[in-house]
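Chain by chain, the residues run as shown.
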Amino acid sequence: MKNAAMKVKKAVIPAAGLGTRFLPITKAVPKELLPLVDRAAIQYAVQEAAAAGIEQVIVVTSRGKEAIADYFDRHLELESILTVKGDSQRLLEVRRLSEMAQMTYIRQPEQLGLGHAVLCASRAVGEEPFAVILPDVIVLGEPGATSQLLEVFHRYGASVIAVEEVLASEIQNYGVIVPQPIAEGVYRVLGTVEKPAPEEAPSNLAILGRYIFTPEIFDALARVKPGAKGEIQLTDGMGLLLESQPMYAFRLHGVSYDVGNPLGLLKASIELALAREDMGPALREFLRRVVS
Ligand code: UTP
């Protein structure tokens, strides 16, 4: 159980994908910077990491995504303008971005899959357990998704992945686990099936985009045979890791949104805006008017 006592200090955020579902906007703007009201989508992933006590966030990016680093960097000119104006609230918001975690950026030279993106971070992570947070999924609620997974990680001392129940009609869009229930909301993972037909799905528990891995995942990913397009899938790496180590799944508490496609981003934006004091009432009124 050496892992159980280890503090998880690093998180990897894979953000090198092409974002084709958002074209044409992603031709010029990384999808991770598309706004959820007035914050970049990726900010939620970094906030979640920081709230879980993660100290260093390693973002895996690619060509054309340099603005992600700008977003989390200091902007002294802007800060001094906001100071002169006395706009302390915006100043706080802007400063907070650079203070949440130590940010590191690594390039994935070619889009060779999520597993490959994680593998690109192996040197930066080293020989320690780490979190993976997909910025395409945001999970709202307290405690955050990564905090919930860390609690399970420290209980069992092995890799933990987040799952959520999905409808049978949706199951073919997800990676699904073969579960063995062992405690409330906790399952031993016996295997995974990628995008199963509803009648062949081993469960209704879909993999959600949050993981805590032991460092042996890197050896597993390095052994994955690339698929037809040269892609290295994370689920294939998990399958290899399962041959030598146990892995657990945790049914997350909280509401998740898939912000990796335009409709999902719109739904999440509306939910978030409705919850805000400064615009919630006006938006509710507007929605009532346009849908009637
Ligand atoms: P997706 O396949 O959902 O993202 O990958 P994508 O490729 O950007 O989206 P579409 O399908 O073209 O619209 C899930 C996550 O893995 C990252 C993505 O950035 C996203 O966070 N990813 C995927 C990489 O970092 N590298 C890859 O080669 C592939």
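This brings us to the overall build of the chain. Looking only at helices and strands, the chain has 11 helices and 13 strands in total. In summary, the chain has a C-alpha radius of gyration of 20 Å against a globular reference of 19 Å for 292 residues, a match within 12%. On the principal axes, the C-alpha backbone points of the chain span a range of 60 × 50 × 40 Å. Burial analysis of the chain (292 residues in total) assigns 48% to the buried set. Residue pairs in contact within the chain that sit at least 24 positions apart in sequence constitute 76% of those at least 6 positions apart.

Around the ligand, 18 residues are found, and the nearest of them are Pro14, Thr20, Arg21, Gln108 and Gly113. Between the ligand and Leu112, the relevant distance is 3.3 Å, taken from an oxygen atom to a main-chain nitrogen or oxygen of the residue. One of the side-chain N or O atoms of Asp136 is found 3.3 Å from an oxygen atom in the ligand. About the coverage of the ligand: the protein hides 81% of its 570 Å² of free accessible area. Looking at the shell around the ligand residue by residue, the classes come out as 8 nonpolar, 6 polar and 4 charged.

Every buried residue belonging to helix H8 (residues 216–223) is among Ile217, Phe218, Ala220 and Leu221, and all of these are buried. Along H8, the residues classed as buried sweep out an arc of 160° about the axis, all on the same side. More than 90 degrees from the buried face of H8, the exposed residues found are Ala222 and Arg223. Of the surrounding elements, those touching the buried residues of H8 are helix H5 (114–120), helix H6 (122–125), strand E6 (130–133), strand E11 (205–213) and helix H9 (234–242).

Inspection of every chain in the model, using the stated rule, returns 16 salt bridges. For Lys7, the salt bridge goes to Glu55, with nearest N and O atoms at 4.0 Å. Remark: Glu55 occurs in the loop between helix H1 (41–51) and strand E4 (56–61) and Lys7 occurs in the segment before strand E1 (10–14); sequence separation between them is 48 residues. A relative accessible area of 45% means that Lys7 is categorised as partly exposed. Under the relative-accessibility criterion, Glu55 is labelled partly exposed at 45%. Where Arg107 meets Glu66, a salt bridge forms, and the shortest distance between an N and an O atom there is 2.9 Å. Of the two residues, Arg107 is situated in strand E5 (residues 102–107) and Glu66 in the loop between E4 and helix H2 (67–72); the sequence distance between them amounts to 41 residues. In this structure Arg107 comes out as partly exposed when scored by relative accessible area, which is 43%. Several salt bridges share partner residues, and in doing so they unite Asp38, Arg276 and Asp278 into one network.

Here we come to the packing of helix H3 (residues 76–85) against helix H4 (residues 88–99). A pair of packed helices is characterised by two quantities: the angle between their axes and the separation of those axes. Where H3 contacts H4, the axes come no closer than 9 Å and their chain directions differ by 160°. Relative to H4, H3 is oriented roughly antiparallel. Handedness of the crossing formed by H3 with H4: left-handed. From H3, Leu78, Glu79, Leu82 and Thr83 reach across to H4, where they touch Arg90, Leu91, Val94 and Arg95. A breakdown of the residues in the contact of H3 with H4 according to their chemical character gives 4 nonpolar, 1 polar and 3 charged.

Definitions and cut-offs
- Residues numbered from 1 in each chain as written.
- Predicted model: local features only at pLDDT ≥ 70, side-chain atom pairs only at ≥ 80, totals over all residues.
- Heavy atoms only, no water.
- Helix = DSSP H or I, 4+ residues; strand = E, 2+ residues; numbered from the N terminus.
- Rg over C-alpha atoms; globule rule 2.2 N^0.38 Å.
- Buried < 20%, exposed > 50% of the residue type's maximum accessible area, 1.4 Å probe, protein only.
- Contact = heavy atoms within 4.5 Å.
- Near = heavy atom within 4 Å.
- Polar contact = N/O pair within 3.5 Å; in protein donor to acceptor, adjacent residues only side chain to side chain.
- Areas by Shrake-Rupley, 256 points an atom, 1.4 Å probe, with all protein chains shown as cover.
- Nonpolar A, V, L, I, M, F, W, Y, C, P; charged D, E, K, R; others polar.
- Arc of directions from axis to C-beta.
- Salt bridge = Lys/Arg side-chain N within 4 Å of Asp/Glu carboxyl O.
- Axes fitted to C-alpha atoms, helices over the stretch in contact; angles between N-to-C directions.
- Parallel < 35°, antiparallel > 145°, perpendicular 65-115°, else oblique.
- Left-handed = near helix turned anticlockwise from the far one by under 90°.

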